[in-house]
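Each chain is listed here by its residues.
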Amino acid sequence: MTTAVPGTDGALPFPDDFTWGAATAAYQIEGAADADGKGPSVWDTFSHTPGKVRGGDTGDIACDAYHRGLDYYRALLDKLAGRGIAAAATLYHWDLPQALQDEGGWAVRGTAERFAEYAAIVAEALGDRVTRWITVNEPQVVASHGYRAGTHAPGVRDLAAAAAATHHLLLGHGLAVQALRAAAPGRAEAGIALDLHPVLVPGDGAAPVEQARLVTDADLNALFLDPLLHGAYPDAAQPHLLPPDVLVAPGDMETISQPLDFLGVNYYSPVYLRAGDPGDLRRGEEPARCGLPGVVEYRPDSLERTPMGWLVDPDGLYDVLLRLAKDAPGLALYVTENGCAAEDYVGPDGAVNDIERVSYLHKHLAAAARAIRDGANLAGYYVWSLLDNFEWAWGYQKRFGIVFVDFGTQRRIPKASARFYADVIRANAVPALPRSAR
Ligand code: IFM
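Let me begin by describing the structure that accompanies this report. (Residues numbered from 1 in each chain as written. Predicted model: local features only at pLDDT ≥ 70, side-chain atom pairs only at ≥ 80, totals over all residues. Heavy atoms only, no water.)

## Description of the site of the ligand
And step 1. Around the ligand, the neighbouring residues are Gln-28, His-93, Trp-94, Asn-137, Glu-138, Tyr-268, Trp-310, Glu-337, Trp-384, Glu-391, Trp-392 and Phe-400.
And step 2. Between the ligand and Glu-337, the relevant distance is 2.5 Å, taken from a nitrogen atom to a side-chain nitrogen or oxygen of the residue.
And step 3. Within the side chain of Trp-384, a nitrogen or oxygen atom sits 3.2 Å from an oxygen atom of the ligand.
And step 4. If the ligand stood free it would expose 280 Å²; the protein chains cover 95% of that surface.
And step 5. Considering only residue class, the shell around the ligand consists of six nonpolar, three polar and three charged. (Near = heavy atom within 4 Å. Polar contact = N/O pair within 3.5 Å; in protein donor to acceptor, adjacent residues only side chain to side chain. Areas by Shrake-Rupley, 256 points an atom, 1.4 Å probe, with all protein chains shown as cover. Nonpolar A, V, L, I, M, F, W, Y, C, P; charged D, E, K, R; others polar.)

## Side note on the nonpolar core
Across soluble globular proteins, nonpolar side chains have a tendency to be buried as a group.
And step 1. Formed by 118 residues in total, the largest nonpolar core has its most connected members in Trp-43, Trp-133 and Leu-365.
And step 2. At ten residues, the largest contribution of residues to this core is made by helix α11 (residues 355-373).
And step 3. Those residues in contact with Leu-365, other than ones at most four positions away along the chain, are Phe-14, Trp-20, Tyr-381, Phe-420, Tyr-421, Val-424 and Val-430.
And step 4. With eleven residues, the next largest nonpolar core counts Val-209, Ala-212, Val-215 and Leu-273 among its residues. (Core = buried A, V, L, I, M, F, W, Y, C linked by side-chain atoms within 4.5 Å. Buried < 20%, exposed > 50% of the residue type's maximum accessible area, 1.4 Å probe, protein only. Helix = DSSP H or I, 4+ residues; strand = E, 2+ residues; numbered from the N terminus. Contact = heavy atoms within 4.5 Å.)

## Some details on the packing of aromatic side chains
And step 1. What the rule picks out here adds up to 28 aromatic pairs.
And step 2. Ring geometry for Tyr-272 against Tyr-298: centres 5.8 Å apart, planes inclined by 65 degrees, an arrangement best described as edge-to-face. Of this pair, Tyr-272 sits in strand β8 (residues 271-275) while Tyr-298 sits in strand β10 (residues 295-298); the two residues are 26 residues apart in sequence, bridging distant segments of the chain. Across this residue pair, the class does not change: Tyr-272 and Tyr-298 are buried.
And step 3. Through successive ring pairs, a cluster of aromatic residues spans Tyr-27, Trp-43, Phe-46, Trp-94, Phe-390, Trp-392, Tyr-396 and Phe-407.
And step 4. Cation over ring: Arg-274 sits above Tyr-298, and NZ or CZ is 4.1 Å from the ring centre.
And step 5. Over the face of the ring belonging to Tyr-318 we find Arg-370, whose NZ or CZ atom lies 4.9 Å from the ring centre. (Phe/Tyr/Trp six-rings, centres within 6.5 Å; stacked < 30°, edge-to-face > 60°. Lys NZ or Arg CZ within 6 Å of the ring centre and 35° of its normal.)

## Description of unusual backbone geometry
And step 1. Geometrically, the link from Ala-153 to Pro-154 is a cis peptide bond, its omega value of 10 degrees lying close to zero.
And step 2. Along the chain, Pro-154 turns up in the loop between α6 (139-148) and α7 (159-183).
And step 3. Along the chain, Trp-384 connects to Ser-385 via a cis peptide bond; the corresponding omega equals 15 degrees.
And step 4. Residue placement: Ser-385 occurs in the loop between β12 (378-384) and β13 (403-406).
And step 5. Even without a glycine there, the phi angle at Glu-138 is positive, about 50 degrees.

## A look at the packing of α11 against helix α12 (residues 416-427)
In a packed pair of helices, the relevant descriptors are the angle between the two axes and the axis-to-axis distance.
And step 1. At a minimum axis distance of 8 Å, the contact between α11 and α12 shows a crossing angle of 25 degrees. Between α11 and α12, the crossing angle belongs to the class labelled roughly parallel. Crossing of α11 over α12 shows right-handed handedness. Across the interface between the two elements, Arg-357, Val-358, Leu-361, His-362 and Leu-365 from α11 touch Ala-416, Ser-417, Phe-420, Tyr-421 and Val-424 from α12. (Axes fitted to C-alpha atoms, helices over the stretch in contact; angles between N-to-C directions. Parallel < 35°, antiparallel > 145°, perpendicular 65-115°, else oblique. Left-handed = near helix turned anticlockwise from the far one by under 90°.)

Below you can see the structure in the form of structure tokens.
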């Protein structure tokens, strides 16, 4: 199957030193749940609890990646280096040792301190092979899904624990940055990856809608951006999401806001708000998560949705990158995750022709190129995800990979999107979008 060849008329170029990558996460691909002395983690516990993950799926085997290398991480990094690929390593992508959870997990300060010790150990072990470190992936999701809604591990539903987790995840990030820099002076580049969601009010928002926009933006974005970039929690956030003062020890905000080497942006979809009645919802509407009266969230009919129900809105990526260019001038940005689930299947010819994902990536890469042209300091892009994998509470039912995994045989099949992405990387440019998609 052929894909569009970039680099021709109208192609949008990327800077010469742009980084291209594909992201995965340990629990989602490694398997080997109890290999080599590994103790249980919160996701082992959660996925083995009946009713928590669709279909009863677990990460016990996943893509079996761990068993495909001895001395797994060193071997993996050496193989990547051998292929001219520089790894960026994430220290925490949602899977905490169960022993730390038993002490309170991210709801207690001790976990942030243990995390810094772990960062130092990992940097000692792998610092000769890794220079770019992401401390924590999507702390917003950890706090909201793991500690407030309980739909992710550790399955806690407790507002106070979630607010505490927010602070300790950020503090853990700050302490880990210090540990990384101490372990690999002058060599470690440290950042964090945030899931960011533009909150949009098309047209003229009435006063309550504009108020809801401010609160929703504070809850989802500023609650993490402001402490990291400006050393303070945002006043506009809902009070129950804000860590209480008693948890914030002197010096914490300085630790959290120490300069980053880069900021990772995970972008999937925005939030749309309009005036409406949460008690009498129309089709496609949901109560606004900020809880303010007279406002609903909705999904514009003009936008496609992925099988996750997430809106496809590449302009949102552009908006987020330009907002950061303004809010954190000069800070290097990486898109550390972007991609979509699709209904992938192996065709009679043995190929996986994921045209929806090709279209999704094409539009989002074009948005990224436009953002660079308009001033965003975007240094790289990592597609989510390299492989189909364990999609948390959805189990194996949702496929995000550019490489198909047959979980019965562990056979891998690069999809059409993998070829499209390889073409983009080779050309260091994304082909012009068809007029209809602009
Ligand atoms: O699979 C997840 C990933 O682990 C974190 N960010 C969002 C992805 C898709 O849901």
